[in-house]
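Residues per chain are reported as follows:
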Amino acid sequence: MEIWINPACSKCRSALSLLDAEGADYTVRRYLEDVPTEGEIRDVLDRLGLEPWDITRTQEAVAKELGLKEWVRDAGSRDRWITALSEHPKLIQRPIITADDGTAVVARTDEAVRDVLSR
């Protein structure tokens, strides 16, 4: 499995601690440095079963600069959102774990991390 993290994020550090405590085999991706492509974001969204606006951190300064709260949230606007996430990775909700079974989860709680571990 792979976990997308921002090392400065307490939720990310908590998820890593839990993965370590459980002896999980995982790869860390510091997504602010190793920025996901639009294709990778699409893949993760498909695995999550979510839309790009569902994993967008709308309180970030760049989100406010872009006016994201006003952007249309429909199929026709999906590409625009994905491009914004790729161009501004700080907007991506974290941590995200992609599991070996092809699924993914936004792992902001211990329960979400345990769910991935149980698969």
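Residues numbered from 1 in each chain as written. Predicted model: local features only at pLDDT ≥ 70, side-chain atom pairs only at ≥ 80, totals over all residues. Heavy atoms only, no water.

Chemist: Requested: an account of the environment of E40, with residues and values cited.
Modeler: Relative to the assigned elements, E40 resides in helix 2 (residues 38-48). Residue classification places E40 among the partly exposed positions, given a relative accessible area of 29%. When the C-alpha atoms of E40 and C12 are compared, they prove to be 20 Å apart, with 28 residues separating the residues in sequence. Those residues within four positions of E40 in sequence are excluded, and the remaining contacts are W4, R29 and V35. A polar contact is formed between the side chain of E40 and the side chain of R29, at a distance of 3.0 Å. (Helix = DSSP H or I, 4+ residues; strand = E, 2+ residues; numbered from the N terminus. Buried < 20%, exposed > 50% of the residue type's maximum accessible area, 1.4 Å probe, protein only. Contact = heavy atoms within 4.5 Å. Polar contact = N/O pair within 3.5 Å; in protein donor to acceptor, adjacent residues only side chain to side chain.)

Chemist: Report on the side chain of E60, specifying residues and quantitative values.
Modeler: Within the secondary structure, E60 is located in the loop between helix 2 and helix 3 (61-66). The contact partners of E60, leaving out residues within four places of it in the chain, are K90, L91 and R94.

Chemist: Please give an account of the pairing of strand 1 (residues 2-5) that cites residues and values.
Modeler: Looking at chain direction, strand 1 and strand 2 (residues 27-30) are connected through four bridges and run parallel. Residue pairing in the sheet places I3 in a bridge with V28 of strand 2. Running through helix 1 (residues 10-21), the crossover from strand 1 to the neighbouring parallel element strand 2 is right-handed. As defined by bridge partners, strand 1 adjoins strand 3 (residues 96-98) across three bridges and the pair is classed as antiparallel. The partner of I3 across the bridge, within strand 3, is I97. (Pairing = 2+ DSSP bridges. Right-handed = clockwise from strand over helix to strand, strands pointing away.)

Chemist: So what's going on with the packing of aromatic side chains? Which residues, and what values?
Modeler: How two aromatic rings sit relative to each other is given by the distance of their centres and the angle of their planes. Counting across every chain of the model gives two aromatic pairs. With centroids separated by 5.8 Å and ring planes inclined at 70°, the aromatic side chains of W53 and W81 adopt a geometry described as edge-to-face. Residue W53 is located in the loop between helix 2 and helix 3, and its partner W81 is located in helix 4 (residues 78-87); the two are separated by 28 residues in the primary sequence. Residue classification places W53 among the buried positions, given a relative accessible area of 13%. Residue classification places W81 among the buried residues on the basis of a relative accessible area of 1%. On the numbers, 5.4 Å between centres and 80° between planes, the contact of W71 with W81 is edge-to-face. On the criterion of sequence distance, the pair formed by W71 in the loop between helix 3 and helix 4 and W81 in helix 4 is long-range, its members being 10 residues apart. With respect to class, W71 is no different from W81; both count as buried. (Phe/Tyr/Trp six-rings, centres within 6.5 Å; stacked < 30°, edge-to-face > 60°.)

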